[in-house]
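As a plain string of letters, each chain reads:
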Amino acid sequence: SNAIPFAGVSPKTSKRRNPGNRMKTIEMLKKAKEIADKKKKELAQRRSRPPSQILPLPQHIFQELEEKGWLEMLTSKGLEVEAGEAPNDAEAKWINLQISGDEEMVRAGVLRLMSIIVPPRAA
């Protein structure tokens, strides 16, 4: 993008040249460049990591998926599966299940787990 990121209030201009205005403009351009560089760096970091998705699950459902081998199925498809305890204040324990890998495989894996978790439709 060729736009300069907004870095603050533009300096006042007057008919008479004021050296202070010039310095403010230079400072704002430097700040804008720093912001643009920071955003580029963050984007590069995001692109370097494999896509992932977090699926919050109640602990009893997580244990059921683990016992039935669904999590092993995901790892056999080449996905990374990590479980971490979700921070919450409720009595029930929740697990954050993070699935990482190829973008299409992650999406398919999460959809498959969600279809397993959802109870069947009542007829």
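Everything that follows concerns the structure shown earlier in this document.
This is a predicted model, so every value here is computed, not measured.

Each value, and the rule that gives it
- Residues numbered from 1 in each chain as written.
- Predicted model: local features only at pLDDT ≥ 70, side-chain atom pairs only at ≥ 80, totals over all residues.
- Heavy atoms only, no water.
- Salt bridge = Lys/Arg side-chain N within 4 Å of Asp/Glu carboxyl O.
- Buried < 20%, exposed > 50% of the residue type's maximum accessible area, 1.4 Å probe, protein only.
- Helix = DSSP H or I, 4+ residues; strand = E, 2+ residues; numbered from the N terminus.
- Contact = heavy atoms within 4.5 Å.
- Expected span 1.5 Å × (residues − 1).
- Arc of directions from axis to C-beta.

Colleague: In this structure, what is going on with the pattern of salt bridges? I would like to understand it.
Modeller: Pairing is possible between side chains that carry opposite charge, provided their charged atoms lie close to one another. Tallied over the entire structure, the rule returns five salt bridges. Here Lys93 makes a salt bridge to Glu85, at a shortest N to O gap of 3.8 Å. The exposure class assigned to Lys93 is partly exposed, which follows from its relative accessible area of 44%. Judged by its relative accessible area of 59%, Glu85 falls in the exposed class. A salt bridge links Glu103 to Arg107; the nearest nitrogen and oxygen atoms lie 3.3 Å apart.

Colleague: It is not clear to me how the side chain of Ser100 should be interpreted in this structure. Could you clarify?
Modeller: When you line up the elements, Ser100 lands in strand S3 (residues 94-100). Sequence-distant contacts of Ser100, that is, excluding residues within four places in its chain, are made with Pro51, Ser52, Leu79, Glu80 and Val106.

Colleague: Just to check I follow, could you spell out helix H4 (residues 103-117) for this structure?
Modeller: One turn of an α-helix holds 3.6 residues; hence residues three or four places apart share an orientation. The end-to-end C-alpha distance of H4, which contains 15 residues, comes to 21 Å, matching closely the 21 Å that a straight helix rising 1.5 Å per residue would cover. Of the residues making up H4, those classed as buried are Val106, Gly109, Val110 and Leu113. Taken end-on, H4 shows its buried residues confined to a sector of 95°, consistent with a single buried face. Set apart from the buried face of H4 by more than 90 degrees, the exposed residues are Glu104, Leu111 and Ser115. Along its buried surface, H4 packs onto strand S1 (52-58), helix H2 (59-67), helix H3 (70-76) and S3.

Colleague: Is there a simple way to explain the environment of Leu74 in this structure?
Modeller: Here Leu74 is to be found in helix H3. For Leu74, a relative accessible area of 2% gives the class buried. With 31 residues separating them in the primary sequence, Leu74 and Met105 have C-alpha atoms 9.0 Å apart. Residue contacts for Leu74: discarding those within four places in its chain leaves Leu79, Val81, Ile99, Gly109 and Leu113.

Colleague: Help me understand the environment of Gln59 in this model?
Modeller: Along the chain, the position of Gln59 falls in helix H2. With a relative accessible area of 31%, Gln59 lands in the partly exposed category. Expressed as a C-alpha distance, the spacing of Gln59 and Lys93, which sit 34 residues apart in the sequence, is 5.5 Å. Leave out the neighbours within four places in its chain, and Gln59 touches Lys93, Trp94 and Ile95.

Note that all results are geometric; they support no functional claim without further evidence.
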